[in-house]
Amino acid sequence: MPHYTPTSPTVSVLMAVHDAEASVRRAVESVQNQTLRNLELVVVDAGSADGSARWLESAAERDMRVQLVRAGGCNRQEALDLALERAAGTYVTVVDADAWIAPSFVADLVELAEARSLELAMGGLSLALSVGGARPSEVDAEAEGVVFPTQHDFRAGAWQLFASGQLLPASGKLFRRDRLSDLGARFSAPVAGDHALVIEYLRDVERVGVLPGASYHVARSLEAGPRDAAALEGYRRLEAEHEALLGLYRHWGLEGDAASMEMLQSRYVELLARCVEAVCGWGSRTSAPDQRRIVGKMIETDHAQLAASVARPRDNGARSLIAPIRSHNVALVCVQARLVSLLRRGAVGVPVDAFV
């Protein structure tokens, strides 16, 4: 593999950091230890108050491939935009501050992309999610190795990658930087989260390849306790993202494809169920009348009613809500969601892309 050249690295690795002292060292070192040496790591510290920035400064002093950018008061997507603006590589990939990558991850993606002239190459993801210090729930999003040589082939098979949770995260992928630039793609687009950039990139992508197995690993911790305060924001994001995905499939001319539509509606129901659980579940501080009012607005929409009529979610909790949603039984939806939340207590139960 060629050694690092400051003006023309093969790959720019982007990382946003905020108070990640417990995990950032492993993340950075997994990038530094890649078998492909000709890469740069552009890491943006978004106003960390812990020791993250100090450790990153030390890492940048020891390794000229590490470029540290300090940016106080910005969110993760804004930080990634700053990193992208400074990237110089032919390719771009994202590594989260609580993730780590296998030593050959970048080299394998580049080899696949260059051997088959791909516009997008991706690997599998693994997620270990813990809530309140409990034992982590572990789930993988991976596929068999495959190359989609034409746009038609990719669009026809994309639903399987969406269904596994592998396709939407920006992490675990290798993008062409010139194509990102031509598209004007940004992480902080109107649809919240990194998924907006990926959706924009997928609209007219031609050739896509997937590596077998999972080489991108995330260990994420969430605080225990009430989540009802964040439920409405999560629901707003869900609605915007679902509309963007429907728009993507309309652009692809596949709004009548049964497998694709079932996947989209099943994903929507699984995530809607989580929003409902956040409002009505264990520890909620929202009054019962307000719970019914909020949930009523969630399940009476055209999105919710259409999804409940065709979805076949894998998650048992989401399946249990389909009948009461379809019958507009708000009280039963709340009761069922409360029971489900008590039984699952933090288990993942939704696609990996909800957390990555």
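Treat the numbers as computed from the prediction; the structure is a model and nothing was measured.

Caption draft 1: Representation of the state of the cysteines. Under the defined criterion, the tally for this structure stands at 0 disulfides. Take Cys-275: it sits in no disulfide, and the sulfur closest to it among the cysteines is that of Cys-280, at 11 Å. With a relative accessible area of 9%, Cys-275 lands in the buried category. Residue Cys-334 stays outside any disulfide, its sulfur separated by 3.5 Å from that of Cys-280, the closest cysteine.

Caption draft 2: Highlighting the pattern of salt bridges. Enumeration over the complete set of coordinates arrives at 17 salt bridges. Asp-81 is the salt-bridge partner of Arg-186, the closest N and O atoms lying 3.2 Å from each other. Of this pair, Arg-186 sits in the loop between helix 6 (177-183) and helix 7 (195-202) while Asp-81 sits in helix 3 (residues 76-86), and the two are 105 residues apart along the sequence. Put simply, Arg-236 and Glu-233 hold a salt bridge, and the shortest N to O gap is 2.8 Å. On the criterion of helical spacing, the pair formed by Arg-236 and Glu-233 is a turn pair, its members being 3 residues apart in helix 8 (residues 228-251). Judged by relative accessible area, Arg-236 falls into the partly exposed class, the value being 41%.

Caption draft 3: Molecular detail of the side chain of Ser-164. Relative to the elements of secondary structure, Ser-164 occurs in helix 5 (residues 151-164). Separated by 3.2 Å, the side chain of Ser-164 and the backbone nitrogen of Gln-166 make a polar contact. Excluding residues that lie within four positions of it along the chain, Ser-164 makes contacts with Ala-141 and Val-352.

Caption draft 4: Structural detail: unusual backbone geometry. Of note, Ser-117 is a non-glycine position whose phi angle comes to about 50°, a positive value. A positive phi angle is found at His-328, which is not glycine, with a value near 60°. Its place among the elements puts His-328 in the loop between helix 12 (316-326) and helix 13 (330-344).

Caption draft 5: Structural context of the packing of helix 9 (residues 258-280) against helix 12. Contact geometry for helix 9 and helix 12: axes closest at 9 Å, N-to-C directions at 90°. Between helix 9 and helix 12, the angle is such that the two are roughly perpendicular. Where helix 9 abuts helix 12, its residues Val-269, Glu-270, Leu-272 and Ala-273 lie against Ala-318, Leu-321, Ile-322 and Ile-325. Among the residues forming the contact of helix 9 with helix 12, the class breakdown is 7 nonpolar, no polar and 1 charged.

Caption draft 6: Representation of the packing of aromatic side chains. In this structure the tally under the stated criterion is 6 aromatic pairs. Between the aromatic rings of Phe-105 and Tyr-216, the centroid separation amounts to 6.2 Å while the plane-to-plane angle is 55°, which identifies the pairing as tilted. With Phe-105 in helix 4 (residues 105-115) and Tyr-216 in strand 10 (residues 208-222), the pair connects residues that are 111 residues apart, well separated along the chain. Measuring from centroid to centroid gives 5.0 Å for Phe-175 and Tyr-201, while their planes differ by 80°, and the two rings are edge-to-face. Here the residue Phe-175 occupies a position in strand 9 (residues 173-176), and Tyr-201 occupies one in helix 7, the gap between them amounting to 26 residues. Comparing Phe-175 with Tyr-201, the two get one shared label, buried. In this structure an aromatic cluster arises from ring pairing among Phe-148, Phe-154, Phe-162, Tyr-249 and Trp-252. Above the ring of Trp-55, the side-chain terminus of Arg-62 is found at 5.9 Å from the ring centroid.

The rules behind these values
- Residues numbered from 1 in each chain as written.
- Predicted model: local features only at pLDDT ≥ 70, side-chain atom pairs only at ≥ 80, totals over all residues.
- Heavy atoms only, no water.
- Disulfide = S-S within 2.5 Å.
- Buried < 20%, exposed > 50% of the residue type's maximum accessible area, 1.4 Å probe, protein only.
- Salt bridge = Lys/Arg side-chain N within 4 Å of Asp/Glu carboxyl O.
- Helix = DSSP H or I, 4+ residues; strand = E, 2+ residues; numbered from the N terminus.
- Polar contact = N/O pair within 3.5 Å; in protein donor to acceptor, adjacent residues only side chain to side chain.
- Contact = heavy atoms within 4.5 Å.
- Axes fitted to C-alpha atoms, helices over the stretch in contact; angles between N-to-C directions.
- Parallel < 35°, antiparallel > 145°, perpendicular 65-115°, else oblique.
- Nonpolar A, V, L, I, M, F, W, Y, C, P; charged D, E, K, R; others polar.
- Phe/Tyr/Trp six-rings, centres within 6.5 Å; stacked < 30°, edge-to-face > 60°.
- Lys NZ or Arg CZ within 6 Å of the ring centre and 35° of its normal.

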